[in-house]
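# Observations on the three-dimensional arrangement
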Amino acid sequence: MVDALGVAVVGFGWMGRVHTQAYARLPHHYPRLPLRPRLVTVAEEVPGRAEEAAGQFGFASATRDWREVAADPRVRAVSVTAPNFLHREIAVAMAEAGKHLWIEKPVGLTAGDARAVADAVAKAGVQGTVGFNYRNAPAVEAARELIASGEIGTVTHVRLRLFSDYAAHPDAALTWRYERERGGSGVLGDLASHGADLARFLLGDIVSVTADTAIFVPERARPAGATAGHTLASGGEPGPVENEDYVNCLLRFASGARGVLEACRVSVGEQNNYGFEVHGTRGAVFWDFRRMNELRVSRGTTYQDQPVSTVYVGPGAGEFAAFQPGAANAMGYDDLKVVEAYRFVRSVAEGTAYGATLTDAVRSAAVLDAMARSAQLGSWVDVAGD
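Here we summarise the structure given alongside this text. Along every chain, residues carry numbers that run from 1 in the direction the sequence is written. pLDDT decides what is reported in this predicted model: residues at 70 or higher carry local features, side-chain atom pairs at 80 or more are listed and counted, and totals for whole chains, interfaces and linings draw on all residues regardless. In computing side-chain properties, one takes all heavy atoms of the structure into account and sets aside hydrogens as well as water.

## So, a nonpolar patch on the surface
The line we're drawing: Excluding any residue in a salt bridge, patches collect residues exceeding 30% relative accessible area, merging like charges within 9 Å and nonpolar Val, Leu, Ile, Met, Phe, Trp and Tyr side chains within 5 Å. In this description, accessible areas are obtained by the Shrake-Rupley approach with a 1.4 Å probe, and a residue is regarded as covered only by the protein chains that are shown. A pair is scored as a salt bridge if a Lys or Arg side-chain nitrogen falls within 4 Å of a carboxyl oxygen belonging to Asp or Glu. Each residue is placed in one exposure class: buried if its accessible area under a 1.4 Å probe, protein chains only, is under 20% of its type's maximum, exposed if it is over 50%, and partly exposed if it falls in between.
A surface patch of nonpolar side chains, about 240 Å² in accessible area, is lined by Leu250, Val260 and Trp380. A relative accessible area of 33% means that valine 260 is categorised as partly exposed.

Below is the structure:
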């Protein structure tokens, strides 16, 4: 007998849609999961958007007030996909109401916000999963195992890149993403948070950083009405961009390894160019999100002129077998969110955390805070512990 898990989605932009679709697909990919999500309610403050979502996806009800979700006894688990500045207030309230949380990164604007959510989740005894989706790629999990096995020797250095053009157009609307008070640290929270999590996932804790940031598009037009995604708004009243378009950062790991993390949201010609290159004393491993199901691996004993091979991950890697029967059959971005939903619901069912947790969010946010402080000071900064 499969029990129903009443779920709600708070914030129905693109990411709210992705979470909803992931819930709907769970029975197809994980038929033995002992809990089956039931779409209870959707909350979105933009007039008409929640009702539209309910009609399209089958939520039983819709509301403009997320507080109604916290008070709804039908809801046992909540996806928080609202803008960053709302994460802390909504997530703490949901945890205090006894709701399990699947919350998008960066979990607020600062490490303090992430800690507040983590503390509320721990105190309430509920489960908390965070949207660090790139670590769910089977190839990334295979890379982590390869690194841990010592096949490439002792890791010496890593380079992580997260380049995108979603904010490259000069007519992109001046939404909350570009405001310090509501969007936080710009590309740090949006893209570099994924980089910090991947770095920790692959190589362990980061202990210190030195960073430089820049704003390359200093002014944008204010939108005339509600926006979703990365809307254009040419001709509107101009306003200043307050947070970072770009960051580059040197990393020092507890292991002694070194790293470089670079992220940019205004990279013309770059569409989701995310990936990493990990080098060790005997080899290397490379991953590119745009070729998500492949790894390039160099290993052996020749060191100099050692070849690099392409490896197509298959059913033995991560959750690949839940989606495809054999290697070189492609998985996509939305599949990573299905994996995330599975690990969230499994955490609820078993009472044990699977996947990225609030602890991971706190540690990623601490790295971001250290980056921002380093950019201000122009010096190395230690990453704060828990």
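## Quick word on the packing of aromatic side chains
Let me state the cut-off plainly: In this scheme Phe, Tyr and Trp rings, the latter by its six-membered ring, pair at centre separations within 6.5 Å, and the angle between planes marks the pair as stacked below 30 degrees, edge-to-face above 60, and tilted otherwise. Helix and strand definitions here come from DSSP, where helices need a minimum of 4 consecutive H or I residues and strands a minimum of 2 consecutive E residues; each element is numbered from the N-terminal end. In this analysis the charged atom, NZ for Lys or CZ for Arg, is taken to sit over a ring once it is within 6 Å of the ring centre and within 35 degrees of the ring normal.
Tallied over the entire structure, the rule returns 16 aromatic pairs. Judged by centre distance (6.4 Å) and plane angle (90 degrees), the rings of phenylalanine 12 and phenylalanine 59 are edge-to-face. Of this pair, phenylalanine 12 sits in the loop between strand 1 (3-10) and helix 1 (14-29) while phenylalanine 59 is found in the loop between helix 2 (49-57) and strand 3 (61-63), placing the two residues 47 residues apart along the sequence. Ring geometry for tryptophan 14 versus tyrosine 333: centroids 5.6 Å apart, planes at 25 degrees, classification stacked. Here tyrosine 333 lies in helix 9 (residues 333-350) and tryptophan 14 lies in helix 1, a separation of 319 residues in the sequence. You can call tryptophan 14 exposed: its relative accessible area is 52%. Members of the aromatic cluster, joined through ring pairs, are Trp14, Tyr134, Tyr274, Phe276, Trp287, Phe289 and Tyr333. Above the ring of tryptophan 380, the side-chain terminus of arginine 252 is found at 3.7 Å from the ring centroid. Positioned above the aromatic ring of phenylalanine 286, the side-chain terminus of arginine 296 is 5.1 Å from the ring centre.

## Thoughts on the side chain of aspartate 72
The following threshold applies: Any two residues having at least one pair of non-hydrogen atoms within 4.5 Å are treated as being in contact.
Relative to the elements of secondary structure, aspartate 72 occurs in the loop between helix 3 (66-70) and strand 4 (77-80). Looking at aspartate 72, the relative accessible area reads 11%, which means it is buried. In contact with aspartate 72, other than residues within four places in its own chain, are Val40, Thr41 and Lys99.

## A look at empty space enclosed by the protein
Operational definition: Whether a set of points on the 1 Å grid over the protein atoms alone is a cavity depends on a 1.4 Å probe fitting there but being unable to get out, while an open set qualifies as a pocket with protein on both sides within 12 Å along at least five of seven lines; lining residues are those with an atom within 4 Å of a point. Grid points are joined across faces, edges and corners, and a volume is the space filled by probe spheres set on the points. All residues other than Ala, Val, Leu, Ile, Met, Phe, Trp, Tyr, Cys, Pro, Asp, Glu, Lys and Arg, Gly among them, are scored as polar; the first ten of these are nonpolar and the last four charged.
As enumerated under the stated definition, the model contains four cavities of 30 Å³ or more in all. Empty space within the largest cavity amounts to approximately 60 Å³. What lines the largest cavity is Asn84, Tyr166, Trp176, Arg177, Gly183, Gly186, Gly189, Asp190 and Arg265. A per-class count over the lining of the largest cavity returns two nonpolar, four polar and three charged.

## Remarks on unusual backbone geometry
Residue proline 106 follows lysine 105 across a cis peptide bond; omega there is 5 degrees. Following the sequence through the fold, proline 106 ends up in the loop between strand 5 (100-103) and helix 5 (111-124). At valine 107, a residue that is not glycine, the phi angle is positive and equals roughly 60 degrees. Considering the arrangement of structural elements, one finds valine 107 in the loop between strand 5 and helix 5. Positive phi, close to 60 degrees, is recorded for tyrosine 303, a residue that is not glycine. Among the secondary structure elements, tyrosine 303 is positioned in the loop between strand 15 (294-298) and strand 16 (309-312). Judged by its relative accessible area of 52%, tyrosine 303 is exposed.

## Considerations on the side chain of asparagine 133
Turning to its location among the elements, asparagine 133 is positioned in the loop between strand 6 (128-130) and helix 6 (138-149). A relative accessible area of 1% places asparagine 133 in the buried class. Once residues within four sequence positions are removed from consideration, asparagine 133 is found in contact with His194, Tyr333, Leu336, Lys337 and Glu340.

## Comments concerning the pattern of salt bridges
By the definition in use, this model includes 25 salt bridges. Residue aspartate 360 is joined to arginine 135 by a salt bridge in which the shortest nitrogen-to-oxygen separation is 3.6 Å. Separated by 225 residues along the polypeptide, aspartate 360 in helix 10 (residues 358-377) and arginine 135 in the loop between strand 6 and helix 6 bring together distant segments of the chain. With respect to burial, aspartate 360 and arginine 135 carry one shared label: buried. Put simply, arginine 290 and aspartate 288 hold a salt bridge, and the shortest N to O gap is 3.1 Å. Here the residues in one salt-bridge network are Arg135, Asp197, Arg200, Asp205 and Asp360, joined through shared partners.

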